[in-house]
Amino acid sequence: MTTEHISNNDTLFARAQKTTPGGVNSPVRAFRSVGGTPRFITRAEGPYFWDADGKRYIDYIGSWGPAIVGHAHPEVIAAVQAAAANGLSFGAPTLGEIEMAEEICKLVPSIEQVRLVSSGTEATMSALRLARGATGRDKIVKFEGCYHGHADSLLVKAGSGLLTFGNPTSAGVPEDFVKHTLVLDYNNVAQLEDAFASMGETIACVIVEPVAGNMNLIKATPEFLRALRDLCTEHGAVLIFDEVMCGFRVALGGAQELYDIAPDLTALGKVIGGGLPVAAFGGRAELMGNMAPLGAVYQAGTLSGNPVAVAAGMATLKLIQAPGFYEKLSAQTAKLAAGLEQAAREAGVTFCADSVGGMFGIYFSAEVPGSYAEMMAGDKTRFNAFFHAMLDEGVYFAPAAFEAGFVSAAHDDAVIEETIAAARRVFARLDK
Ligand code: PMP
């Protein structure tokens, strides 16, 4: 007689679903796309986290980006503890906020002034309002498969969790709210030129993930970002780089440093909070001067610039400025991508991988995709089988084929090699 093992994760998932929709507080955590039971995490350290059964995983989501120095880094934890001991929130300004703003302006030269908020959603939503307020125009341009948080007017043909549910536009967003949102194809310069030629004078802004990470990893071509910059300048539209994911992730100065293109506004998040809720939007001082209390564009937050969150963010921003940090991070991530490709090749599995800085994509297709359509053509059944087999091996990749992966400074050679060895075993037993 066999008794089936009931995991603590199963018990917790059943319990969570009674009081929380789908058992999770952010949809992609629910494993809906890959099936099975989400792992409930009890603790994390360096490149690892542990689930409710005590099983250890090599973590390649890093809290979906923030954990760039590895989980529970002693310097980040010490900064948080020290800040917490002085009180959790004041609703009045602090020195820490000035220091964080100065640090962001120093590291991202296109940002002369910055406002701190608590989530990437708030950052992009506010940047959009600022662009509309400053230009007096209504229309915005976004690209299919790019996710910019869940503000109504941006929740159109968006990526990430929305793709998991096969409907990239959310219910509950009135047509009237999105009639000003124009959705174009990523990396399609000709289409962009046509759009500006026909309605350039009505476009308030273009918002783009300059390295897209919400339809798996898809890099913008330099020509695409250059065309965006030139067309926005020519037509008086605001160019917003949503670097919530790629900022401080693909390079110290973000994608704008990598491509050498300065946007008018930048949205940041994830890494700048080091695992606590800090996000930001910023740009030229003259544009930011439209924000209340100076200007007519309103935006506010009870916990904006929260002292404990800012302490975690500042400690993280200091650590990533260590000499060679990004060279090492990029090299480790590239090593992972190359190792996975090699393992797949040995097993005869159609697969490829790509990386930039500490971000990577894995694709069950012959070529690295360059657009949403190409990415959607990949083999999702094969991905799901791979995901679960790797999970069994103790390697936690993003639980959906539409998400990028993240490597931290704690993913040393031994961790990368352990991952590739597991992948070799998994590829060998995947259906061909
Ligand atoms: N923009 C991008 C590019 C993102 O990746 C995300 C989150 N994955 C957001 C905005 C929204 O950030 P948050 O989840 O903190 O609201």
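As the structure is a computational prediction, the values presented were derived from the model and not from experiment.

Definitions and cut-offs
Residues numbered from 1 in each chain as written. Predicted model: local features only at pLDDT ≥ 70, side-chain atom pairs only at ≥ 80, totals over all residues. Helix = DSSP H or I, 4+ residues; strand = E, 2+ residues; numbered from the N terminus. Expected span 1.5 Å × (residues − 1). Buried ≥ 20, exposed ≤ 12 C-beta atoms within 10 Å, placed from the backbone. Arc of directions from axis to C-beta. Contact = placed C-beta atoms within 7 Å. Domains from an automatic or database assignment. Nonpolar A, V, L, I, M, F, W, Y, C, P; charged D, E, K, R; others polar.

Here's the deal with helix H15 (residues 413–429)
If you check H15, its first and last C-alpha atoms are 25 Å apart, about what 17 residues at 1.5 Å a residue would give, namely 24 Å. Within the span of H15, buried status applies to Val-415, Ile-416, Thr-419, Ala-423, Val-426 and Phe-427. What you see down the axis of H15 is that its buried residues fit within an arc of 100 degrees, all on one side. Across from the buried face of H15, at angles greater than 90 degrees, the exposed residues are Asp-413, Ala-414 and Arg-429. Each element contacted by the buried residues of H15 is listed here: strand S3 (56–59), helix H12 (325–347), helix H14 (380–392) and strand S15 (395–396).

A short note on the domain arrangement of the chain
When its domains are assigned, the chain resolves into domain 1 (8–60 + 323–429) and domain 2 (75–319). Each partner contributes residues to the interface: domain 1 has 23 residues there, and domain 2 has 23 residues. Elements with a minimum of two residues in the side of domain 1 that touches domain 2: strand S13 (352–356), strand S14 (359–363) and helix H13 (372–376). Looking at the side of domain 1 that touches domain 2 element by element, the count peaks at four residues for S14. In terms of residue class, the side of domain 1 that touches domain 2 is made up of 14 nonpolar, six polar and three charged.

Regarding unusual backbone geometry
Note that the residue after Ala-292, namely Pro-293, is joined by a cis bond; omega there is 10 degrees. Mapped onto the secondary structure, Pro-293 falls in the loop between helix H10 (285–288) and helix H11 (307–319). Not every positive phi belongs to a glycine, and Ser-63 is a case in point at roughly 60 degrees. Position of Ser-63 relative to the elements: it lies in the loop between S3 and helix H2 (74–85).

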